[in-house]
Each structure stands twice: as C-alpha cells, then as structure tokens.
Amino acid sequence: MAAKTGTFYGVSVGPGDPELLTAKALRILAACPVIAAPRTAGGEQLALSIARQAVDLADKELLPLAFSMDRDEAVRKAAWQKAAGQVRAVLDRGQDVAMVVLGDVSIYATYCSLMEILQGEGYATEMIPGVTSFSAIAARLGMSLTTMEEPLHILPASQADQWEGLSLPGTKILMKSGRNLGPLMEELSRRDLPSRASLVANCGLPGEVVCRDLRKFSAPTGYYTTVIVKE
C-alpha cells in the first residue's frame, strides 16, 4: 500500500493585525509540523511575522518559498514549480504543510498557483479563508462597501489597463496601488474621483497610513496600499 502523503493548507493570516486570524487558522497552524512562508528577495516574510504574533511557531519546521513578481509569466511559473517541489518533498514525508498567506487565500494569493500544481498530482489541499485586506480597510475607515443594490468591483491597480473598471457602477477596490499610485492619482483626477476616494496603506501594520479624501493626500506609500472609490 502506498505511503500516506500530507495535506497542503493555505492559511489566511489577514492584512496585518494578528487578532484577525480565525480560530480555524490558529488551529491549523498549531497542528501542522511544517510552516511554509513566502519570502521576498530582501528576506521579508510578512505573513509569517503576522502568524508568529498569533500562535507559537517555535517548534515548527519553516519552509521559505521564493516567488517572482516578474511580468514574464514563464519566470513566475518557474518559481511556482520550484516552490511546489519544496512543498511536495515534505508532503511525501507524510507531513502536513501550512502556507501562510496575507489577507484571504482566495484573493491574489500565490498559494493557489501551488495548490493547482499539487492538486493535479493528486495531493490533498485545503484553503482556510480569512479577512481580506479591503474588508479590514473598510472597517478601519468605518465604511460600508456596498448597499443592497450596489455592486463591488476588485481591480488590480498594478495594471493600468484595468483602470477602465473605474467607470463601472458601484464601489471599486484598487489593490496593490502603491507602485502605481502617482499615475493612478492622475487617472482619478482626470475622472474627477479623488473626493470620493479613500486610501489605507499597511493596514494593521506599523506605519499604517489612513486618508479618507485623496484630495488631501501627499504622503509616500509602499506596496501594501489599497484605494477605495465610492460612488
């Protein structure tokens, strides 16, 4: 009989505040012997640092995973395959792996790319949902994102060709706005939208920036910046 392989979990840790991890996320992290965590080229492991504030990971085996943000899809896919191989080696030992994921695991999460690779090879996977960055930002702003009749649109602000979505009715969430914030601000001004736009950077993290009216905004922000445009 074939040896039993482990399960690959994607565990949402929310946008920054460790109190936003769910009870299920805490249980899975406590139970898994191996914790996988994305690591930037500079060595930052933000999702792991958030998780560490919520659950004791001192006795866990840590598995750093390097991903690429290159615009060349082949480069990104090569990084996914390498990371999937690292996870596969642990699963084949019969151990479960929990990959910590910023925000919610279903929203722009690299975990899903690895999940699809490993699912295709017959490995068991499970997604643990959590608080999205824009849900936490709306709460920080004291803002309802929708009414009963109002739609909600999520746009990747890192791609200017997606900004046409600003013409859609309802509320617009522009995620990953930091690197393109200057051009995005120009686009919002062209559409006469700054008075209806709010911004939060580093929500729940040190250095959090909150601006409720982009007509009054001038501070620099980083990668973890989200803009909300309300109709």
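You'll find the structure just up there.
Here's a quick rundown of the structure. (Residues numbered from 1 in each chain as written. Predicted model: local features only at pLDDT ≥ 70, side-chain atom pairs only at ≥ 80, totals over all residues. Heavy atoms only, no water.)

1. Remarks on the overall build of the chain
For clarity, the threshold we go by: What counts as a helix is a DSSP run of H or I of at least four residues, what counts as a strand is a run of E of at least two, and both are numbered from the N terminus. As a reference, a globule follows 2.2 Å times the number of residues to the power 0.38, and the radius of gyration itself is taken over C-alpha atoms. For each residue, the accessible area found with a 1.4 Å probe, counting protein chains only, is set against the maximum for its type, and the residue is called buried under 20%, exposed over 50%, and partly exposed in between. When checking whether two residues touch, look at their non-hydrogen atoms; a contact exists if any pair is within 4.5 Å. The protein chains shown are the only cover counted for residues, whose accessible areas, like all others here, come from Shrake-Rupley with a 1.4 Å probe. Working convention for charge: Lys and Arg count positive, Asp and Glu count negative, and His plus the chain ends are omitted. The atoms used to mark charge sites are NZ of Lys, CZ of Arg, CG of Asp and CD of Glu.
Regarding its fold elements, the chain presents six helices and ten strands. The C-alpha radius of gyration of the chain comes to 19 Å, within 12% of the 17 Å expected for a compact globule of 231 residues. Across the 231 residues in the chain, those meeting the buried criterion constitute 44%. In the chain, once contacts between residues fewer than 6 apart in sequence are set aside, the share between residues at least 24 apart is 68%. A total accessible area of about 11,500 Å² is found for the chain, and carbon and sulfur atoms account for 52% of it. Charge-centre separation for the chain: the mean point of 23 positive side chains lies 1 Å from the mean point of 25 negative side chains.

2. A look at the packing of aromatic side chains
What counts is decided by this rule: Paired rings are identified among Phe, Tyr and Trp, the last through its six-membered ring, by centres lying within 6.5 Å, and are further divided according to the angle between planes into stacked (under 30 degrees), edge-to-face (over 60) and tilted (the rest).
This structure, assessed with the given rule, holds one aromatic pair. Taking 4.7 Å as the distance between ring centres and 45° as the angle between the ring planes, the aromatic pair formed by Phe8 and Tyr111 counts as tilted. Of this pair, Phe8 sits in strand S1 (residues 7–12) while Tyr111 sits in helix H4 (residues 111–120), placing them 103 residues apart in sequence.

3. Quick look at the sheet that holds strand S10 (residues 225–229)
What counts here: Only strands that DSSP links by at least two bridges are regarded as paired with each other. Each axis is a line fitted through C-alpha atoms, taken for helices only over the stretch in contact, and angles between the N-to-C directions span 0 to 180 degrees.
Ordered by their spatial adjacency, five strands build an open sheet running S6-S7-S10-S8-S9, and the pairing between neighbours is mixed. Of all the strands in the sheet, the pair left with one neighbour each is strand S6 (152–156) and strand S9 (209–211). Recorded for the sheet is a direction-independent mean angle of 15° between the axes of neighbouring strands. Sheet topology places strand S8 (residues 197–201) next to S10; five bridges connect them, and they run antiparallel. Considered in S10, the bridge of Ser198 is made with Ile228. Here helix H5 (residues 133–141) sits on the sheet in contact with S6, strand S7 (171–175), S8, S9 and S10, set at roughly 65° to S10.

4. Observations regarding the pattern of salt bridges
Our working rule: Whenever a carboxyl oxygen of Asp or Glu lies within 4 Å of a side-chain nitrogen of Lys or Arg, that contact is scored as a salt bridge.
A complete count under the given rule lists ten salt bridges for this structure. Between Glu208 and Arg140 there is a salt bridge; the shortest N-O distance is 2.8 Å. Here the residue Glu208 occupies a position in the loop between S8 and S9, and Arg140 occupies one in helix H5, the gap between them amounting to 68 residues. Taking the relative accessible area as the measure of exposure, Glu208 reaches 29% and is therefore partly exposed. Linking Glu187 and Arg191 is a salt bridge whose minimum nitrogen-to-oxygen distance equals 2.8 Å. Classification of Arg191 by relative accessible area gives partly exposed; the value is 22%. If you follow the salt bridges from partner to partner, you end up with Glu164, Glu187, Arg190 and Arg191 in one network.

5. Topic: the pairing of strand S3 (residues 61–66)
Quick note on the threshold: Whether a crossover is right-handed depends on one test, that the path from the first strand over the helix to the second runs clockwise when the strands point away from the viewer.
Summarising the sheet, strand S2 (residues 34–39) and S3 pair through six bridges and their orientation is parallel. Each bridged residue has a counterpart across the sheet, and for Ala36 the counterpart in S3 is Leu63. Taking the sense of rotation as the criterion, the β-α-β connection linking S2, helix H2 (residues 46–52) and S3 turns out right-handed.

6. A look at the environment of Ile117
Position of Ile117 among the secondary structure elements: in helix H4. Look at Ile117 and you get buried, because its relative accessible area is 17%. Distance in space between the C-alpha atoms of Ile117 and Ser133 is 26 Å, their sequence separation being 16 residues.

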